[in-house]
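Listed below, chain by chain, are the residues.
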Amino acid sequence: MKANNTDTALLLVRIALGLVFLAHGATKFMDMPGTLQFFTAMHLSALWAYLVATIETLGGLAMLLGIATGWAGILLAVVMLGSTFLVKMSHGFIGGYEFDLTLFLSAIAISLAGPGKYTLRFALKGQ
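Please read all numbers here as calculations on a predicted model, not as lab measurements.

Rules used throughout
Residue numbers here run from 1 along each chain, matching the order of that chain's written sequence. For a predicted model such as this one, the threshold for reporting local features is a pLDDT of at least 70, and the threshold for listing and counting side-chain atom pairs is 80 or more; totals across whole chains, interfaces and linings nevertheless cover every residue. To get the side-chain values, take all heavy atoms of the structure and skip hydrogens and water. Only protein chains enter the accessibility calculation, which uses a 1.4 Å probe; a residue whose area is less than 20% of its type maximum is buried, one above 50% is exposed, and one in between is partly exposed. The way it works is that DSSP assigns letters per residue, a run of H or I at least four long becomes a helix, a run of E at least two long becomes a strand, and they are numbered from the N terminus. Starting at the helix axis, one direction is taken to each C-beta atom, and the arc is that of these directions. Any pair of residues with heavy atoms lying within 4.5 Å of one another is described as a contacting pair. Here, nonpolar core means buried Ala, Val, Leu, Ile, Met, Phe, Trp, Tyr and Cys residues that are tied together by side-chain atoms lying within 4.5 Å of each other. Surface patches are drawn from residues lacking salt bridges whose relative accessible area is over 30%; two like charges belong together within 9 Å, two nonpolar side chains (Val, Leu, Ile, Met, Phe, Trp, Tyr) within 5 Å. The protein chains shown are the only cover counted for residues, whose accessible areas, like all others here, come from Shrake-Rupley with a 1.4 Å probe. Here, a salt bridge means any Lys or Arg side-chain nitrogen found within 4 Å of an Asp or Glu carboxyl oxygen. A fitted line through C-alpha atoms serves as each axis, taken over the contacting stretch for helices, and the angle formed by two N-to-C directions is quoted from 0 to 180°. Oblique is the label for every angle not falling under 35 degrees (roughly parallel), over 145 degrees (roughly antiparallel), or within 65 to 115 degrees (roughly perpendicular). Left-handed describes a crossing whose near helix is turned anticlockwise from the far helix through less than a right angle; right-handed describes the clockwise counterpart. Gly is placed with the polar residues, together with every amino acid not listed as nonpolar (Ala, Val, Leu, Ile, Met, Phe, Trp, Tyr, Cys and Pro) or charged (Asp, Glu, Lys and Arg). Here a pair means two rings of Phe, Tyr or Trp (six-membered ring of Trp) with centres within 6.5 Å. Their orientation is stacked below 30 degrees between planes, edge-to-face above 60, and tilted elsewhere. Pairing of N or O atoms within 3.5 Å defines a polar contact, subject to two protein rules: one partner must be a possible hydrogen donor and the other a possible acceptor, and residues neighboring in sequence count only if both atoms are side-chain atoms.

1. A closer look at helix 4 (residues 69-88)
Residues Thr 69, Ala 72, Gly 73, Leu 76, Ala 77, Val 79, Met 80, Ser 83 and Thr 84 constitute the buried set of helix 4. Angular distribution of buried residues about the axis of helix 4 spans 165°; they occupy a single face of the element. Set apart from the buried face of helix 4 by more than 90 degrees, the exposed residues are Trp 71, Phe 85 and Leu 86. On its buried face, helix 4 is in contact with helix 1 (5-30), helix 3 (46-65) and helix 5 (93-113).

Printed below as a string of structure tokens:
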């Protein structure tokens, strides 16, 4: 398989998504008491806090490695929908949900387009 600009573009989007989600998920786990307090203030159970932190962490890792990006993209997009409607929408677009919308659309794009050529599988093949 010959690399093209699309493969490079998909890699760049995956790196951006992966780093952002991995960082946010890991931060939630590192401060789980604060994360639980935030979720319970929105009348959401602790289960949701752990579920979101797990999806962000594993989804971010999946994006970085280029594995299971279809499912990861869908799950990350769902998390961003929740974030947008439960937290950010009341703040408006600028300073509110513009970043969440960007992450949502990027996750959907990778889910639809696939990971491209540059993935863990590609690296392990040594090509």
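2. A word on the nonpolar core
One finds Leu 17, Phe 21, Met 63, Leu 76 and Met 80 to be the most contacted residues of the largest nonpolar core, which totals 21 residues. Contributions of two or more residues to this core are made by helix 1, helix 2 (32-41), helix 3, helix 4 and helix 5. Setting aside chain neighbours within four positions, we find Met 63 in contact with Arg 14, Leu 17, Gly 18, Thr 69, Ala 72, Gly 73, Leu 76 and Ile 110.

3. Focus on a nonpolar patch on the surface
Among the surface-exposed residues, Phe 93, Ile 94, Leu 101 and Leu 105 lie close enough to one another that they form a single nonpolar patch of about 390 Å² accessible area. Mapped onto the elements of the fold, Leu 105 is located in helix 5. A relative accessible area of 46% places Leu 105 in the partly exposed class.

4. Points about the packing of helix 2 against helix 3
The geometry of helix 2 relative to helix 3 is characterised by a closest axis approach of 8 Å and an angle of 120° between their N-to-C directions. By the angle class used here, helix 2 and helix 3 are oblique. Considering how the two elements wind past one another, helix 2 and helix 3 form a crossing that is right-handed. Taking contact as the criterion, the partners of Met 32, Thr 35, Leu 36 and Phe 39 in helix 2 are, on helix 3, Ala 46, Trp 48, Ala 49, Tyr 50, Val 52 and Ala 53. Partitioned by chemical class, the residues of the contact of helix 2 with helix 3 number nine nonpolar, one polar and no charged.

5. Focus: unusual backbone geometry
Residue His 43 is not a glycine yet carries a positive backbone phi of 65°. A positive phi angle, near 50°, is found at Ala 68, a position not held by glycine. Overall, Ala 68 belongs to the exposed group, its relative accessible area being 54%.

6. A short note on the packing of aromatic side chains
Geometry of an aromatic ring pair is reported as the spacing of the ring centres plus the angle between the planes. Counted under the stated rule, the structure contains three aromatic pairs. For the pair Phe 38 and Phe 39, a centre-to-centre distance of 6.0 Å together with 80° between the ring planes defines the contact as edge-to-face. Ring centres of Phe 93 and Tyr 97 lie 5.3 Å apart, and the angle between their planes is 80°; this geometry places the pair in the edge-to-face category. Here Tyr 97 and Phe 93 lie together in helix 5, a separation of four residues that amounts to about one turn.

7. Quick notes on the side chain of Thr 84
Note that Thr 84 resides in helix 4. In terms of polar contacts, Thr 84 uses its side chain to reach the backbone carbonyl oxygen of Met 80, at 2.8 Å. Not counting chain neighbours up to four residues away, the residues in contact with Thr 84 comprise Met 89, Tyr 97 and Asp 100.

8. A look at the packing of helix 1 against helix 3
Think of two packed helices as two axes; the pair is described by the angle between the axes and how far apart they sit. At a minimum axis separation of 7 Å, helix 1 and helix 3 run at an interaxial angle of 150°. On the basis of their axis angle, the class for helix 1 and helix 3 is roughly antiparallel. By crossing handedness, the relation of helix 1 to helix 3 is classed as left-handed. Touching Arg 14, Ile 15, Leu 17, Gly 18, Leu 19, Phe 21, Leu 22, His 24, Gly 25, Ala 26, Lys 28 and Phe 29 of helix 1 are Tyr 50, Val 52, Ala 53, Thr 54, Glu 56, Thr 57, Gly 60, Leu 61, Met 63, Leu 64 and Leu 65, all from helix 3. Here the contact of helix 1 with helix 3 is built from residues that sort into 14 nonpolar, six polar and three charged.

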